[in-house]
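Descriptive analysis of the structure
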Protein chains: 2
Amino acid sequence: MPIDPPAATPRHRTPPEHAALAEVTLEAALAALADPVRLTLIREVASAQEWERSCGSFDVPVRKAALSHHFAVLRAAGLIEQRDAGPRRFNRLRRAEFDARFPGLLDAVLRAQDVEV
Amino acid sequence: MPIDPPAATPRHRTPPEHAALAEVTLEAALAALADPVRLTLIREVASAQEWERSCGSFDVPVRKAALSHHFAVLRAAGLIEQRDAGPRRFNRLRRAEFDARFPGLLDAVLRAQDVEV
DNA sequence: TTGAGTGTATGGCAACCATCGAACACTTAT
DNA sequence: ATAAGTGTTCGATGGTTGCCATACACTCAA
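So, here's what we can say about the structure. Treat the numbers as computed from the prediction; the structure is a model and nothing was measured.

As for the interface of chain B and chain A
Across the contact, 24 residues belong to chain B and 24 residues belong to chain A. Around 1800 Å² of area is buried between chain B and chain A when both sides are counted, 69% of it from carbon and sulfur atoms. Joining chain B to chain A, the criterion identifies two residue pairs in polar contact (both at pLDDT 80 or more). Of all the secondary structure elements, the ones that give two or more residues to the side of chain B that touches chain A are helix H1 (26-33), helix H2 (36-46) and helix H5 (105-111) of chain B.

Quick look at the protein's contact with DNA strand C
Neighbouring DNA strand C are 25 residues; Gly56(A), Ser68(A), Arg89(A), Arg63(B) and His70(B) lie closest to it. Arg38(B) is positioned with one of its side-chain polar atoms (N or O) 3.0 Å from a phosphate oxygen of DNA strand C. At a separation of 3.0 Å, a phosphate oxygen of DNA strand C approaches a polar side-chain atom of His69(B). Secondary-structure elements contributing two or more residues to the surface near DNA strand C are helix H3 (64-76) and strand E3 (88-93) of chain A together with H2 and helix H3 (64-76) of chain B. Here the residues of the surface near DNA strand C sort into eight nonpolar, seven polar and 10 charged.

Parameters at a glance
Residues numbered from 1 in each chain as written. Chains lettered and ligands numbered in written order. Predicted model: local features only at pLDDT ≥ 70, side-chain atom pairs only at ≥ 80, totals over all residues. Heavy atoms only, no water. Contact = heavy atoms within 4.5 Å. Buried area = accessible area lost by both parts, 1.4 Å probe. Polar contact = N/O pair within 3.5 Å; in protein donor to acceptor, adjacent residues only side chain to side chain. Helix = DSSP H or I, 4+ residues; strand = E, 2+ residues; numbered from the N terminus. Near = heavy atom within 4 Å. Nonpolar A, V, L, I, M, F, W, Y, C, P; charged D, E, K, R; others polar.

Below, the structure is given as structure tokens:
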């Protein structure tokens, strides 16, 4: 593996990669949603403005390394898009695109009520 | 645990237990659907008559022990109901009940098209 | 330049899950 | 009684996953 030459101009963080929805399988989409932490993330980002929430602004009981992993899974499933702004990474739900790929799935998940205890 | 007394009349196999839909969590439902073998089972049982397909009649690339496990997961997720008839165990999709618990979810999953290769 | 803030990458670990072979239980037919 | 067919349970195994701590990379402000 070649070594990067020192950058003459200040390097920028490599922007996150996003999945093409056409290549997301149903199984991957369901697996991404079948996790309590990721479900919380999706619900919160769904109920916020686009690009409003940065990755660290979510109240989930995991450390930031695990959180970063969960966001990578959500990106790979085509569920969220991320954009860097300064030191933070902001999120939006890819609702229209995901709906086009899996019609009704995201709505059904977001509408589902949890059981009363 | 008490020992069963010898049965005077011929004993019957204990019928399968089915989940109460109210107690099925969204996470459990999604996890049950996020497996290729189980997805195949659900699709095939959905496109057949009720009580038409016995457990062994599905064309999935696993042995019967794993198959039995997958059916247990689908039962626990409230997705299928099973009934014994002779030596076989027949299946039906609990479509109406599952729809009432998670409106639109099963339809979205069954409507989802797989990616063309 | 230094430091604080934010997020990612890596390595390790524990828990979970899908699978199998084997043994078992039950039903039906011979 | 025997045998064939169907399905479950058990124990073991290998792979995956979720998590953490640590180290690193980048941005911005002081």
